[in-house]
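Results of the structural survey
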There are 2 protein chains.
Amino acid sequence: MLSIYPLDNFGFLDIIYLKIKIIFKGRWYAMGINSKEFRMTKPREVVLAVLRSRKGHLTADEIFEVAKELYPSIGFASVYRSLRLFEKYGIVEVVSFGNRRKKHYQLKNRRTKVKIHLVCTNCAKIKDFSERNKEVKRFLKEISETLYNKYKFKLSSVDMQIFGECEECKK
Amino acid sequence: MLSIYPLDNFGFLDIIYLKIKIIFKGRWYAMGINSKEFRMTKPREVVLAVLRSRKGHLTADEIFEVAKELYPSIGFASVYRSLRLFEKYGIVEVVSFGNRRKKHYQLKNRRTKVKIHLVCTNCAKIKDFSERNKEVKRFLKEISETLYNKYKFKLSSVDMQIFGECEECKK
DNA sequence: CTGCATGCAAACCCTTTGCATTGGG
DNA sequence: CCCAATGCAAAGGGTTTGCATGCAG
């Protein structure tokens, strides 16, 4: 069932789940896939908005905190449920870090097969390092070939956590 | 306080925590650091033995199951406590995989800054890929320099999870 | 005798689920 | 009107902690 509704912060990710964006009377609208399977409801919209507002990984409770400001009646369960749904739809991806307990959620970048995080072992801060520089690109290409030739393992994506000491902590 | 006790499966890792190994009457013995801080007790020995017996990552309950065979009275808590102690001492390291719940534990290889796991997104099997081939080495060297020059981030180690489809699943 | 390490069970944290209710299509 | 999505609270899974006891030094 198709539906049309306004969007104020239209990002590239909307294309993934909304299929079509249009302008009507000077405002962005989205023609959505509001099907039985996937209805873009307020809680889901808010979770997505929170993820989009920050560039990187957030824990579920961080998302919940910010989401409550945008939509106070939202519940914890909806946040988790939205996240899992988004993961299923390839909109969100989950990252874990070594011995840390909480999972981190972030928007999936369709273009990068690789996600890289710099994890400071001193102050515990985590920073994205998603840039596809030439080292990363070359490594990806080579390792992908090696794995296929040697192990018949067909690489689809890579998670990388780089541990070390960040600039502030070195001072 | 020094103590001497026999060891049957003496591995290189013992050097890390035991400092000295000796032969007495044709058998390996270890002269240990049985201090207040770190006493090599039966449960700890067993956990270590289990980790050594398998090459790769194990979950806590997998470790517990095998440990019980070696030492039936062992408790869950001791397994976890040993693991955390070993982690603190740099003997064990913890790895997490994307959205999976359980942590995996494995002996830390002092030589490799990089640990790489091949994770099959179909059958969920995880395989070590610790070999330090030239692609990995070069990438490590380059990325380490880049990070330092650009972000003043001093790399100490890297965790990598490579997702994809394994040989059996492709068939 | 002293105090660390243990085993047990209960607590804990994060995440998921059951259920009655709501509200959009 | 129907059924998927919600919020609440309770359950669940994995890990940690409190406590009485055991045991090595």
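Read on for an overview of the structure. Within every chain, residues take consecutive numbers counted from 1 along the sequence as written. Chains and ligands are labelled sequentially in the order written, the chains with letters from A and the ligands with numbers from 1. Where local features are concerned, this predicted model is filtered to residues with pLDDT of at least 70; where side-chain atom pairs are given and counted, the filter is 80 or more; whole-chain, interface and lining totals use all residues. Water and hydrogen atoms play no part in the side-chain values, which are based on all heavy atoms of the structure.

**Concerning the protein's contact with DNA strand C**
Here is the rule: If even one non-hydrogen atom of a residue comes within 4 Å of a molecule or strand, that residue is called near it. The term polar contact refers here to a pair of N or O atoms within 3.5 Å; inside protein, the definition further demands a hydrogen-donor-capable atom paired with an acceptor-capable atom, and it admits residues adjacent in sequence only when both atoms are side-chain atoms. Each helix is a run of DSSP H or I of at least 4 residues and each strand a run of E of at least 2, with the numbering of both proceeding from the N terminus. Amino acid classes used here: Ala, Val, Leu, Ile, Met, Phe, Trp, Tyr, Cys and Pro are nonpolar; Asp, Glu, Lys and Arg are charged; the rest, including Gly, are polar.
Lining the immediate environment of DNA strand C, one finds 26 residues, of which Tyr80 and Lys102 of chain A together with Thr41, Ser73 and Ser78 of chain B sit closest. Counting only atoms of DNA strand C within 4 Å of the protein, the fraction found in sugar and phosphate groups is 75%. Take Tyr80 of chain A: an N or O atom from its side chain is 2.3 Å from a phosphate oxygen of DNA strand C. The backbone of Lys103 of chain A places a nitrogen or oxygen atom 3.2 Å from a phosphate oxygen of DNA strand C. If you list the elements that add at least two residues to the surface near DNA strand C, you get helix H4 (76-88) of chain A together with helix H2 (42-53) and helix H4 (76-88) of chain B. Looking at side-chain class alone, the surface near DNA strand C contains nine nonpolar, five polar and 12 charged residues.

**Details of the protein's contact with DNA strand D**
Looking at DNA strand D, there are 24 residues lining it, with Thr41, Ser78 and Arg101 of chain A together with Tyr80 and Lys102 of chain B nearest. Restricting the count to atoms of DNA strand D within 4 Å of the protein gives a sugar and phosphate share of 74%. Take Ile74 of chain A: an N or O atom from its main chain is 3.4 Å from a phosphate oxygen of DNA strand D. Residue Tyr80 of chain B places a side-chain N or O atom 2.3 Å away from a phosphate oxygen belonging to DNA strand D. When residues of the surface near DNA strand D are traced back to their parent elements, those giving at least two are helix H2 (42-53) and H4 of chain A together with H4 of chain B. If one sorts the elements of the surface near DNA strand D by residue count, H4 of chain B sits on top with four residues. Taken together, the residues of the surface near DNA strand D break down into nine nonpolar, four polar and 11 charged.

**A few points about the sheet that holds strand S5 (residues 92-95) of chain B**
All names here are of chain B. Definition in use: In short, DSSP must find at least two bridges between two strands for them to pair. Residue contacts are counted whenever heavy atoms from the two residues lie within 4.5 Å of one another. Helix axes are fitted to C-alpha atoms over the stretch in contact, other axes to C-alpha atoms as well, and angles between N-to-C directions run from 0 to 180 degrees.
Here we have three strands laid out as an open sheet, ordered S4-S6-S5, and antiparallel in their pairing. Edge positions in the sheet fall to strand S4 (58-59) and S5, since each of these pairs with one other strand and no more. Pairing analysis gives four bridges linking S5 to strand S6 (residues 104-107), with the strands arranged antiparallel. Bridge pairing in S6 places Val94 opposite Tyr105. Running at roughly 85° to S6, H2 makes contact with S4, S5 and S6 of the sheet. Contacts from H4 reach S5 and S6 within the one sheet, and its direction differs from that of S5 by about 105°.

**A look at the pattern of salt bridges**
Heads up, the condition is: We define a salt bridge as a contact between a side-chain nitrogen of Lys or Arg and a carboxyl oxygen of Asp or Glu at a distance within 4 Å.
A complete count under the given rule lists 11 salt bridges over all chains for this structure. Glu142 of chain B is the salt-bridge partner of Arg138 of chain A, the closest N and O atoms lying 2.5 Å from each other. Residue Arg138 of chain A is located in helix H5 (residues 134-151), and its partner Glu142 of chain B is located in helix H5 (residues 134-151); the two belong to separate chains. In this structure, a network of salt bridges that share partners links the residues Glu93, Lys115 and Asp159 of chain A.

**Side note on the sheet that holds strand S6 (residues 104-107) of chain A**
All names here are of chain A. Read from one edge of the open sheet, three strands run S4-S6-S5, paired in antiparallel fashion. In this open sheet, the two strands that pair with only one neighbour each are strand S4 (58-59) and strand S5 (92-95). With two bridges joining them, S4 and S6 adopt antiparallel strand pairing. Counted as the bridge partner of Leu58 is Tyr105 from S6. Strand contacts of H2: S4, S5 and S6, with the helix running at about 85° to S6, the strand carrying the most contacts.

**Points about the relation of the copies chain B and chain A**
Two chain copies here: they are related by a rotation about an axis and a translation along the same axis. Keep this limit in mind: When the copies are overlaid, the least-squares fit takes in C-alpha atoms only where the residue has pLDDT of at least 70 in both copies.
Its rotation angle being 180°, the transformation that places chain B on chain A also includes 0.0 Å of axial translation and leaves an RMSD of 0.1 Å. The transformation relating the two chain copies, once decomposed into turn and shift, fits a two-fold axis. Considering only C-alpha atoms, the residue of chain B closest to the rotation axis is Met160 of chain B, which sits at 2.2 Å. By residue overlap, the copies meet face to face through one surface: 100% of the interface positions of chain B are interface positions in chain A.

**A look at the packing of H2 of chain A against H4 of chain A**
Two packed helices can be described by the angle between their axes and the distance between those axes. Residues and elements named next belong to chain A. Put simply, the test is: For classification, angles of less than 35 degrees are called roughly parallel, those exceeding 145 degrees roughly antiparallel, those between 65 and 115 degrees roughly perpendicular, and all remaining angles oblique.
One way to put it is that H2 packs onto H4 with a least axis distance of 9 Å and a crossing angle of 75°. Judged on the interaxial angle alone, H4 and H2 are roughly perpendicular. Of H4, the residues touching H2 (which contributes Pro43, Arg44, Val47, Leu48 and Leu51) are Ser78, Val79, Ser82, Leu83, Leu85 and Phe86. Here the contact of H2 with H4 is built from residues that sort into eight nonpolar, two polar and one charged.

**Details of the packing of aromatic side chains**
Centre-to-centre distance and the angle between the planes together describe a pair of aromatic rings. Quick reminder of the rule: Pairing of aromatic side chains requires ring centres within 6.5 Å, counting the rings of Phe and Tyr and the six-membered ring of Trp. Pairs whose planes differ by under 30 degrees are stacked, by over 60 edge-to-face, and all others tilted. Per-residue accessibility, obtained with a 1.4 Å probe over protein chains only, is compared with the maximum for each type, and a residue is labelled buried under 20%, exposed over 50%, and partly exposed between these values.
All chains considered together, the criterion is met by seven aromatic pairs over all chains. Between the aromatic rings of Phe76 of chain A and Tyr80 of chain A, the centroid separation amounts to 5.8 Å while the plane-to-plane angle is 20°, which identifies the pairing as stacked. Of this pair, Phe76 of chain A and Tyr80 of chain A both sit in helix H4, separated by four residues, roughly a single helical turn. When its relative accessible area of 36% is taken as the criterion, Phe76 of chain A is described as partly exposed. Between Phe129 of chain A and Tyr151 of chain B, the aromatic rings sit 5.7 Å apart at their centres with planes inclined by 90°, giving edge-to-face as the arrangement. Placement of the pair is Phe129 of chain A in the loop between strand S8 (126-128) and H5 and Tyr151 of chain B in helix H5, with the two residues belonging to separate chains. Given the relative accessible area of 1%, Phe129 of chain A is considered buried. Ring pairing ties together the aromatic residues Phe64, Phe76 and Tyr80 of chain A, which thus form one cluster.

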